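Chain by chain, the residues:
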Amino acid sequence: MNVIETKIKDLLILEPKMFADSRGWFMESFNQKTFHAILTAHNQPTVNFVQDNHSISHRGVIRGLHYQINPYAQGKLVRVVSGKAWDVAVDIRSTSPTFGQWVGIELSEKNHRQFWIPAGFAHGFIALEDNTQFLYKTTNYYSKECERSLLWNDSDVAISWPIEDNMLINQTDKDNTAPSFKELINNNIDLL
């Protein structure tokens, strides 16, 4: 497994080894022992995954920026198994030196990359192709009471979403009316 560090040290891009021949290809998409070794090597605590989620989105659908507060804060190991997405994580750990900064990467069925997002980050993505299938493992269970959102297009966070001129943007009312980063800070709203 190739590991790529990002500008935020706790966010990691993982590239599984591919074995291809005339029949197609094979990859080990997850191995607990290997994953724990990667976290240990990057001075992160080991985790256990308790839930797998799978979504499908059409081109232009934005999901996020979502996170959960304690006691149900979640780490996520995300990947795209069909299509292509621009995936984003925003550091919402109030004591972090990278508080308010973000990292975005392209995940696709062709590059097979995975993105490790520990607890303490708001997460979202935009589907860049129709029928983009997003698969992710979580370190904690979904909790409606602990679910929170950060405004996806907040000008202070200033995420560079790859929105094309002819792209119809589609998201939920919840995502369009989420608090801005300043509102979260000024009102001390459930940051980690």
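For the structure itself, consult the block above.
Rules and cut-offs
- Residues numbered from 1 in each chain as written.
- Predicted model: local features only at pLDDT ≥ 70, side-chain atom pairs only at ≥ 80, totals over all residues.
- Heavy atoms only, no water.
- Pairing = 2+ DSSP bridges.
- Helix = DSSP H or I, 4+ residues; strand = E, 2+ residues; numbered from the N terminus.
- Axes fitted to C-alpha atoms, helices over the stretch in contact; angles between N-to-C directions.
- Buried < 20%, exposed > 50% of the residue type's maximum accessible area, 1.4 Å probe, protein only.
- Contact = heavy atoms within 4.5 Å.
- Polar contact = N/O pair within 3.5 Å; in protein donor to acceptor, adjacent residues only side chain to side chain.

## Topic: the sheet that holds strand 1 (residues 2-5)
Hydrogen bonds between backbone groups are what pair the strands of a sheet, and the pairing can be parallel or antiparallel. Ordered by their spatial adjacency, six strands build an open sheet running 1-2-10-7-12-5, and the pairing between neighbours is antiparallel. Strands with a single pairing partner mark the edges of an open sheet, and in this sheet they are strand 1 and strand 5 (51-57). Between one strand and the next, the sheet's axes are offset by a mean angle of 25°, whatever the strand orientation. Strand direction decides the pairing type here: strand 7 (residues 76-82) and strand 10 (residues 114-117), joined by four bridges, are antiparallel. What sits directly across from Arg79, in strand 10, is Gln114.

## Thoughts on the environment of Gln133
With respect to the helices, strands and loops of the structure, Gln133 is situated in strand 12 (residues 132-138). With a relative accessible area of 25%, Gln133 lands in the partly exposed category. Taking C-alpha positions, Gln133 is 28 Å from Gly100, a pair spaced 33 residues apart along the chain. With sequence-adjacent residues up to four places away left out, Gln133 is seen in contact with His54, Ser55, Ile56, Arg79, Val80, Val81 and Ser82. Of note is the side chain of Gln133, whose polar atom sits 2.7 Å from the side chain of His54.

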